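Topology and contacts: notes
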There are 2 protein chains.
Amino acid sequence: MITVLAGGVGAARFLRGLMQVVPPTDITAIVNTADDTVMHGLHISPDLDTVTYTLAGAIDPERGWGLRDESWRAMEALARFVPVRPPRSSAAPTWFNLGDQDLATHFYRTARLAEGASLSEVTGEISHAFGLHVRLLPMCDERVETRVTVVGEGEISFQEYFVQRHHDVPVSAVRFVGADEAVLTGSAARALMGADAIVIAPSNPLVSIGPLRALAGVDTALSARRQSVVAVSPIVGGAALKGPADRMMLELGHEPTVVGVARLYAPIASSLVIDPVDAHLADQVEATGMRAIVVPSVMTTPEISAALARATLRAAGVA
Amino acid sequence: MITVLAGGVGAARFLRGLMQVVPPTDITAIVNTADDTVMHGLHISPDLDTVTYTLAGAIDPERGWGLRDESWRAMEALARFVPVRPPRSSAAPTWFNLGDQDLATHFYRTARLAEGASLSEVTGEISHAFGLHVRLLPMCDERVETRVTVVGEGEISFQEYFVQRHHDVPVSAVRFVGADEAVLTGSAARALMGADAIVIAPSNPLVSIGPLRALAGVDTALSARRQSVVAVSPIVGGAALKGPADRMMLELGHEPTVVGVARLYAPIASSLVIDPVDAHLADQVEATGMRAIVVPSVMTTPEISAALARATLRAAGVA
């Protein structure tokens, strides 16, 4: 059994590779939900959806998020309301694109949550609807909300930072509101404790894996199983493969390299998978107390993804 | 100033005729909101939307509801979740069609209500977005919910009756949950008291006009102004022009004719507009204490609608 700590796009691609190497039913992904947001009254779970759509082969390959063959009629129609909303209203947020087909997922999630179902239950149902055999678990059933402090502006929501500001504004702090009261779900805790290997996917260490680690007991559990925990660096050649991980690490005082990633993960993981382009930093990675595993980790083909997954499992002592 | 008590399709068509006869800015419509429902977490106001879309020329002319040139991608995608929802769940209600463009209206309404705006405010904003000059007012800002008792089944929501059961199941009772605590909005009350004429649109007397009359003080206000109140019969030749008014009247103990309509409205309106096909019932209408005005009232052309509006206003003593 393999358990993967997952954010969005990078984790989804890693999981897709992993599915080629081990049976999907042996894989559990514990997914960040601190990016979740409510828009138009709809509960949106971007990382869960990205993983679901990717593993179902339904993701739009160009965008990397949302469904393929998507249309945008609802969003286009929403523009009509922008001129009439009052000055301080944030209704009609046309900056946050939701495709017409994608909406159905949010409709279902919202309706089920309103009926009293937990996010875990609903996530199971949605992944079943998409035919997944990998088990997807939200990190918690409570609401945790990443808040980002933007220099000169103040605190905004993660989606405002990520989508509305195109993650190109300087950040001075990140916090996870609600994380103190939230708990890793029982299923997720069991998946951590019972796994043969635990993989920290190539996701943003601060805002994708960070919320998971902010839940009580997670870092303790991971460090207790440190020999079986392997992280895959989301930073390659000093740059994030996707998203703002590099800039955000720099702005928040971490070196935006595999060495910076290693310092963040050394207490909880025994190995860090880095790309050959960073092979010259392997010694510095190992100086943090992590073993450096050098494997191509830019997942541009299914073969590279599968090889990366295989090497990652090997580093964790399985396969 | 003309104030119209309105349901959905019939009222919308009457208002469209009225707009040809008096300046739209002189017209206020007080619209039934007891059909409102929450689906997928979205606040849906069917009668308000039907009136808005009709007066904006944006209604689908064939269906009579929803927007023209509509697409249904979100609804189609929702079908994916039907097989995975638990037995007692009512998530993924694919029987209630919401077009992709139409969704934007519900998104905006839901977001604004969540921000603390009243339904009156949001309705004003939405009708402004659609370029309306007629003033649309929801009957109240509180939630009132029509519940329909279906013989042999029990009580269901109005939309379950109207849409899911295609309003072809026998009804034994109707009630308006919340009507006791709800109040006609201040704007609506002023529009009733200050109007030169008050028109009860050709809407279902029981479930469209009924909720309005269930609000405290409305019948009293109307009867005090009875000489200026004219109703247009939604029943022509013993049949409803649209919807289940005829069967529902019969099932709830009212004669499904213009005479039955007259008995319902005689306490609050001085005249009833009836179609020539019902001219032979004019005496029976007048026996209820209402004046019968015989005018073609099947609004198949703009000319008929305008003539109907003109005759209605004349009956109220204006124009």
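Residues numbered from 1 in each chain as written. Chains lettered and ligands numbered in written order. Predicted model: local features only at pLDDT ≥ 70, side-chain atom pairs only at ≥ 80, totals over all residues. Heavy atoms only, no water.

**Remarks on the interface of chain B and chain A**
Stated precisely, the cut-off is as follows: Residues are treated as being in contact if the distance between any of their heavy atoms lies within 4.5 Å. Here's the idea: put two parts together, see how much 1.4 Å probe accessible area each one loses, and the total over both is what we call buried area. Counted as salt bridges are all cases of a side-chain nitrogen of Lys or Arg within 4 Å of a carboxyl oxygen of Asp or Glu. A run of DSSP states H or I qualifies as a helix once it reaches four residues; a run of E qualifies as a strand once it reaches two. Both are numbered from the N-terminal end. Under this grouping Gly is polar, as are all residues other than the nonpolar Ala, Val, Leu, Ile, Met, Phe, Trp, Tyr, Cys and Pro and the charged Asp, Glu, Lys and Arg.
Each side of the interface is counted separately: chain B has 36 residues, and chain A has 36 residues. Here chain B packs against chain A, burying approximately 3000 Å² in sum over the two surfaces, 70% of which is carbon and sulfur. Three residues, Arg73(B), Phe81(B) and Phe107(B), lead the burial of chain B against chain A; their summed loss comes to 21% of the area buried on that side. In this assembly, chain B and chain A are joined by zero salt bridges. Elements that contribute at least two residues to the side of chain B that touches chain A include exactly helix H3 (73–78), helix H4 (100–114) and helix H5 (119–129) of chain B. With 10 residues, the single largest contributor to the side of chain B that touches chain A is H4(B). In the side of chain B that touches chain A, the residues fall into 18 nonpolar, nine polar and nine charged.

**Topic: the relation of the copies chain B and chain A**
We count it as follows: When the copies are superposed, the least-squares fit draws on C-alpha atoms of residues that have pLDDT of at least 70 in both.
Placing chain B over chain A gives an RMSD of 0.0 Å and needs a rotation angle of 180 degrees, together with 0.0 Å of translation along the axis. Classification of the inter-copy transformation places it as that of a two-fold axis. Rotation axis and chain B: the residue whose C-alpha lies nearest the axis is Gly41(B), separated from it by 2.9 Å. A shared interface surface links the copies, since 100% of the contact residues of chain B are contact residues in chain A too.

**Section: the side chain of Ser71(A)**
Under the convention used in this document: A 3.5 Å cut-off defines polar contacts: any pair of N or O atoms within that distance qualifies, except that in protein one atom must be a possible hydrogen donor and the other a possible acceptor, and neighbouring residues in sequence count only when both atoms are side-chain atoms.
Looking at the secondary structure, you find Ser71(A) in the loop between helix H2 (46–55) and helix H3 (73–78). At 2.7 Å, the side chain of Ser71(A) and the side chain of Asp100(A) are in polar contact. Ignoring anything within four residues of it in the chain, the contact list for Ser71(A) reads Gly99(A), Asp100(A) and Arg73(B).

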